[in-house]
Amino acid sequence: MPPAAPVVVLAGGTGGAKLARGMLDVVGADDLVVIANTGDDIEIYNAYVSPDPDLITFWLADLIDERGWGLAGDTFNVMDALRDLGVEAWFNLGDRDLAIGLERARALAAGGRLTDAHQAIASRLGVGARVLPMADRPVRTRVLAHGRWWPLQEFLIKGRGEGPVDDVEFRGAPAASPSPEVLEAIRTARAIVIGPSNPVISIGPILAVDGLRTAVEHSAAPVVAVSPLVRGTVVKGPTEPFMAWAGQPLTSSGIAAFYAGVIDGLVADERTAAVPVLVTDVLMEGAAGRDRVAGEALRFAVALG
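Basis of the calculations
- Residues numbered from 1 in each chain as written.
- Predicted model: local features only at pLDDT ≥ 70, side-chain atom pairs only at ≥ 80, totals over all residues.
- Heavy atoms only, no water.
- Phe/Tyr/Trp six-rings, centres within 6.5 Å; stacked < 30°, edge-to-face > 60°.
- Buried < 20%, exposed > 50% of the residue type's maximum accessible area, 1.4 Å probe, protein only.
- Axes fitted to C-alpha atoms, helices over the stretch in contact; angles between N-to-C directions.
- Helix = DSSP H or I, 4+ residues; strand = E, 2+ residues; numbered from the N terminus.
- Left-handed = near helix turned anticlockwise from the far one by under 90°.
- Contact = heavy atoms within 4.5 Å.
- Nonpolar A, V, L, I, M, F, W, Y, C, P; charged D, E, K, R; others polar.
- Pairing = 2+ DSSP bridges.
- Salt bridge = Lys/Arg side-chain N within 4 Å of Asp/Glu carboxyl O.
- Arc of directions from axis to C-beta.
- Core = buried A, V, L, I, M, F, W, Y, C linked by side-chain atoms within 4.5 Å.
- Lys, Arg positive; Asp, Glu negative; His and termini not counted.
- Polar contact = N/O pair within 3.5 Å; in protein donor to acceptor, adjacent residues only side chain to side chain.

J.: Lay out the packing of aromatic side chains in plain terms, naming residues and giving numbers.
T.: This model, assessed by the stated rule, comprises 5 aromatic pairs. Centroid distance Trp69 to Phe76: 6.2 Å. Interplanar angle 75°. Geometry classified as edge-to-face. Classification of Trp69 by relative accessible area gives partly exposed; the value is 35%. Following the ring pairs from residue to residue traces out a cluster consisting of Trp150, Phe155 and Phe242.

J.: Break down the packing of helix α1 (residues 13–27) against helix α2 (residues 51–60) for me, citing the residues and quoting the values.
T.: Closest axis-to-axis distance for the α1/α2 pair is 9 Å, and the angle between their directions is 35°. Between α1 and α2 lies a crossing of right-handed hand. Along the contact surface, α1 presents Gly13, Thr14, Ala17, Lys18, Ala20, Arg21 and Leu24, while α2 presents Asp52, Leu55, Ile56, Trp59 and Leu60. Grouping the amino acids of the contact of α1 with α2 by side-chain chemistry returns 7 nonpolar, 2 polar and 3 charged.

J.: Describe the pairing of strand β9 (residues 191–194), and please don't skip the residues or the numbers.
T.: With burial as the criterion, each face of β9 is covered, one bearing Ala191 and Val193 and the other bearing Ile192 and Ile194. Summarising the sheet, strand β1 (residues 7–11) and β9 pair through 4 bridges and their orientation is parallel. When the sheet's bridge partners are listed, Leu10 is paired in β9 with Ile194. Of the strand pairs in this sheet, β9 and strand β10 (residues 223–226) are connected by 3 bridges, and their pairing is parallel. Each bridged residue has a counterpart across the sheet, and for Ile194 the counterpart in β10 is Ala225.

J.: How would you sum up the pattern of salt bridges? Please name residues and give values.
T.: In the structure shown here, the tally under the stated rule is 17 salt bridges. Between Asp65 and Arg67 there is a salt bridge whose closest N-O contact spans 3.2 Å. The partner of Glu88 in a salt bridge is Lys158, and the shortest N-O contact between them spans 3.7 Å. A residue pair is termed long-range when its members are at least 10 positions apart, and Glu88 in the loop between α3 (77–84) and α4 (95–109) and Lys158 in the loop between α6 (152–157) and β8 (167–171) qualify at 70 residues. Residue class for Lys158 comes out partly exposed when judged on its relative accessible area of 37%.

J.: Please give an account of the sheet that holds strand β6 (residues 140–145) that cites residues and values.
T.: Spatial strand order, β7-β6-β8: 3 strands in an open sheet with antiparallel pairing. Of all the strands in the sheet, the pair left with one neighbour each is β7 (148–151) and β8. The sheet shows a mean angle of 25° between the axes of neighbouring strands, direction not considered. With 5 bridges joining them, β6 and β8 adopt antiparallel strand pairing.

J.: So, helix α5 (residues 114–124): which residues are in play, and what are the values?
T.: Residues of α5 that are buried: Leu114, Thr115, Ala117, His118, Ile121 and Ala122. Down the axis, α5 shows its buried residues gathered within 165° of arc, on one side only. For α5, the elements touching its buried residues are β4 (47–49), α2, α4, β5 (130–133) and α7 (180–188). Positive phi shows up at Gly126, right after α5, with a value of about 85°.

J.: Help me get a handle on the sheet that holds β9, residues and values and all.
T.: Ordered by their spatial adjacency, 7 strands build an open sheet running β5-β2-β1-β9-β10-β13-β14, and the pairing between neighbours is parallel. In the strand order of this sheet, the two ends are held by β5 and β14 (277–279), each with one partner. Averaged over all pairs of adjacent strands, the angle between their axes in this sheet comes to 20°, without regard to strand direction.

J.: Help me get a handle on the nonpolar core, residues and values and all.
T.: Counting residues in hydrophobic clusters, the biggest one holds 48 residues, and the most contacted among them are Leu10, Ile192 and Ile194. A total of 5 residues in this core trace back to one element, the largest contributor, which is helix α8 (residues 199–208). Leaving out residues up to four positions away in the same chain, Ile192 has contacts with Val8, Leu10, Ile186, Val216, Ser219, Ala221, Pro222, Val223 and Val224. Core analysis: the next-biggest nonpolar cluster, separate from the first, contains 40 residues, Ala11, Ala61, Val131 and Leu298 among them.

J.: Pulling in residues and values, what's your account of the side chain of Arg140?
T.: Its location among the elements puts Arg140 in strand β6. Although buried, Arg140 forms no salt bridge, and the nearest oppositely charged side chain, Glu43, lies 4.0 Å from it. Here the side chain of Arg140 touches Asp41 through a polar contact of 3.3 Å, landing on its backbone oxygen. Contacts of Arg140, omitting those with residues within four sequence positions, involve Thr38, Gly39, Asp41, Glu43, Tyr48, Glu169, Phe170 and Arg171.

J.: Please set out the environment of Gly232 residue by residue, giving values where relevant.
T.: Along the chain, the position of Gly232 falls in the loop between β11 (229–230) and β12 (233–234). Of the residues examined, Gly232 reaches a relative accessible area of 40% and is grouped as partly exposed. As a C-alpha pair, Gly232 and Leu82 span 150 residues in sequence and 42 Å in three-dimensional space.

Next comes the structure, spelled out in C-alpha cells:
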C-alpha cells in the first residue's frame, strides 16, 4: 500500500539524485517518491538506457560509482571489445549498466510500460523508494547549438555541453502524459521538492510533459526548489549556457524566475525578492551534507504549507 502523503522529489542528474539520497535518510523508503527525467533516454547497443532514472536508482541503492555515474566496480569489457572491432562506442556503458539497458529494452519490446520496467530493475537492486519515469511515452531533449540539432546525449558527450545554446526542444512532450502513479504521487504529496539539477534540461522536460506542470501547480502540497548554484557558480554540468538560452542569470532570482508559477519557495545560499527563501549552504558534501539539505528543504516546504 503506497503512503498516503509521500514526499515527492523531481530529479534529473547528479544534484537531484544526491538530494533524493538525502531525502531517503530523512523520510525513509516508504515515504519517498522520485519523479525522474527521461528526456535523456537513449536507445543504443540494442539497449534502452535511462540515464537519470538509473543514476537516481544507483544512488538510492548505494551502488553509485565514485566517478559519479554508473555502478560501483563495473567493468567495461563490452565497450573495449566494440572499440577493438572498430565501433565508435562514444556512449560509455559499464557491463552491468549495459545489462540493465538490455533488460529494459526486452521488457519494453514485450509491451511493458517504462514505469514497470524500471520498477522491476529498481526492486532487483534493493531500492524500496519509488522511482517513477516522468512519462511512459518517449520524450527526447534536443539542443540546437553550433549550427545543428543534437540529441542531448550527443551534445553533452560529443559536443562537451559547450554553448552557446540557440534552442531547446522536448520532442514528444505534448503527446506524452504522466503515468497514473506520477499523478497520484503529486496529488497526495505532503511536499514536493525540485532537486538541484539543471533547470532547463533536467527539470524542464519533466514540467513539459502534458499535464504534469499543471498537476504540480494545482497540488495542495507546498513546492520548493533547491538551487543548483553554490555561491553563484555551477557545481557540475552545463547549466550556464542553458540558463543563458532561457534568458535567466545564474542567480537565485534567475532560478526563481525559471520556476515562476511552480514553486512556493527556494532553498539557496543567496536571497531573492521573488519568493520566500531559506538561506543555507546548498553544497551537499557527503552523506551529512545530503541529509542536511534534504531535511532543511523538507522542513521549509512544510512550514510554507
